[in-house]
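Letter by letter, the chains look like this.
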Amino acid sequence: NAKEEGDGCYRFFKPNLLPLIAEKMRLENGLYKALQENQFSLHYQPKISAASGELCGIEALIRWKHPELGLVPPDKFIPLAEESGFILEIDRWVFREACRQNKAWQDAGLKKISVSVNISARHFYQGNLKEMILSELKATGLEPHYVSLEITEGVFMRNIDQVIDTILYLRNLGIQISIDDFGTGYSSLNQLQRLPISDVKLDRSFIQGITSDDKKSSIVRAIIELVHSMNMKVVAEGVETEGESRFCKELKCDELQGYLFSRPLPAAELEALLVQPKNVS
Ligand code: C2E
Ligand code: MG
Ligand code: MG
Ligand code: MG
């Protein structure tokens, strides 16, 4: 039936793409309002010291509760925000909120730990990252050595000298810098040598199935040795099983993160993990 097959009017606009495009526009338009109307919040995922099993840091991860669409995952809206440039506003909000929260926990006498914030590569090219970090640290009163920034290899795609300059400046303040999702991007191990980085977060894809994949485990072993030889720490991302955890420890990963230990938690639940044993006098 010719009518059902269509007469060609919309041929270059595949009908099944329409809902996708509509959703994309809806999300993109919603971001500004989300910031204005407090629809964003942060969850915090623990990082565990491989040696002691203790909580040694937390990573802030953004959550968006859309009034009609419900919870929208970051993988759906962060790329849109990066396209439009609105990511600069989002990163600033996340950084401020993570610092504010960490300072509030410290002031309440809870365990002092470092909070990691994911910073878009865009921020290195378009925003004024130094200014943003300085002014938000000042506003919240958090000391810089309780802050860590997670950046992806995409940061090193252009202007590498300027990027190194910015990273050196931040490290001199006492801020730690991690490379997130390491192994999925374009940076080479050779490049890594030039970078003033504190630690490397091995992407989840390297950890998944590591116990039963000899090729994978020898690649991971080699990466870890190399990273250590450059005096950087290794964090294993996405550890989901006891087997993976044991393996990562055998390979001398310094820190572990993943659902095995904890999912990202709302602030109120994370807080319970920061309660220190009371001094009995
Ligand atoms: P990421 O920074 O690599 O964060 C790790 C992601 O993996 C998080 O997803 C986390 O919930 C998830 N994850 C943690 N452990 C496990 C595990 O054991 N198994 C599995 N399957 N997943 C695990 P989430 O929160 O959905 O965030 C996805 C990505 O969105 C992040 O990847 C990051 O690139 C980006 N993102 C999240 N929050 C922010 C933010 O505040 N600012 C920016 N610029 N990007 C963010
Ligand atoms: Mg991250
Ligand atoms: Mg990651
Ligand atoms: Mg990721």
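Reading guide: rules and limits
Residues numbered from 1 in each chain as written. Chains lettered and ligands numbered in written order. Predicted model: local features only at pLDDT ≥ 70, side-chain atom pairs only at ≥ 80, totals over all residues. Heavy atoms only, no water. Donors = N, O, S within 2.8 Å, 3.2 Å for Na, K, Ca; no water. Helix = DSSP H or I, 4+ residues; strand = E, 2+ residues; numbered from the N terminus. Axes fitted to C-alpha atoms, helices over the stretch in contact; angles between N-to-C directions. Parallel < 35°, antiparallel > 145°, perpendicular 65-115°, else oblique. Left-handed = near helix turned anticlockwise from the far one by under 90°. Contact = heavy atoms within 4.5 Å. Near = heavy atom within 4 Å. Polar contact = N/O pair within 3.5 Å; in protein donor to acceptor, adjacent residues only side chain to side chain. Areas by Shrake-Rupley, 256 points an atom, 1.4 Å probe, with all protein chains shown as cover. Nonpolar A, V, L, I, M, F, W, Y, C, P; charged D, E, K, R; others polar. Buried < 20%, exposed > 50% of the residue type's maximum accessible area, 1.4 Å probe, protein only. Pairing = 2+ DSSP bridges.

J.: How should I be thinking about the coordination of the magnesium ion (ligand 2) in this particular structure?
T.: Coordination of the magnesium ion (ligand 2) by the protein comes from E59 (OE), N118 (OD1), E150 (OE) and D180 (OD), over a distance range of 2.0 to 2.2 Å. Separation of the magnesium ion (ligand 2) from the magnesium ion (ligand 3) amounts to 4.0 Å, with D180 serving as a shared donor to the pair. Of this pair, E59 sits in strand β2 (residues 55-66) while N118 sits in strand β4 (residues 114-118); the two residues are 59 residues apart in sequence, bridging distant segments of the chain.

J.: Looking at this model, I keep getting lost on the packing of helix α4 (residues 87-107) against helix α6 (residues 129-140). Mind explaining?
T.: When two helices pack together, their arrangement is captured by the angle between the axes and the distance separating the axes. The N-to-C vectors of α4 and α6 enclose an angle of 30 degrees; their axes lie 9 Å apart at closest approach. Taken together, the axes of α4 and α6 are roughly parallel relative to one another. Of the two possible hands of crossing, α4 and α6 adopt the one that is right-handed. Across from D91, R92, F95, R96, C99, R100 and K103 in α4, the residues of α6 making contact are E131, M132, I133, S135, E136, L137 and T140.

J.: What's the story with the site of ligand 1 in this structure? I'm lost.
T.: The environment of ligand 1 is formed by 23 residues, the closest being R63, N118, D180, E240 and Y259. Between E59 and ligand 1, the recorded distance is 3.1 Å, taken from a side-chain N or O atom to an oxygen atom. At a separation of 2.9 Å, an oxygen atom of ligand 1 approaches a polar side-chain atom of R63. Contact with the protein chains removes 85% of the 800 Å² of surface that ligand 1 exposes when unbound. Going through the elements one at a time, β2, α3 (74-84), α4 and β6 (176-182) are the ones with two or more residues in the shell around ligand 1. If you tally residues by element for the shell around ligand 1, the top one is β2, at four residues. Classifying every residue of the shell around ligand 1 gives nine nonpolar, five polar and nine charged.

J.: Honestly, the pairing of strand β5 (residues 147-152) in this entry has me stumped. Any pointers?
T.: Regular strands place side chains that alternate from one sheet face to the opposite one. The buried fraction of β5 amounts to five of the six residues, a majority that puts the element mostly inside the structure. Relative to β5, β4 is paired through four bridges, and the arrangement is parallel. Bridging across to β5, V117 finds its partner in L149. Pairing of β5 with β6, which is carried by five bridges, proceeds in the parallel orientation. The residue bridging S148 from the neighbouring strand is Q176, located in β6.

Keep in mind these numbers describe shape, not what the thing actually does.
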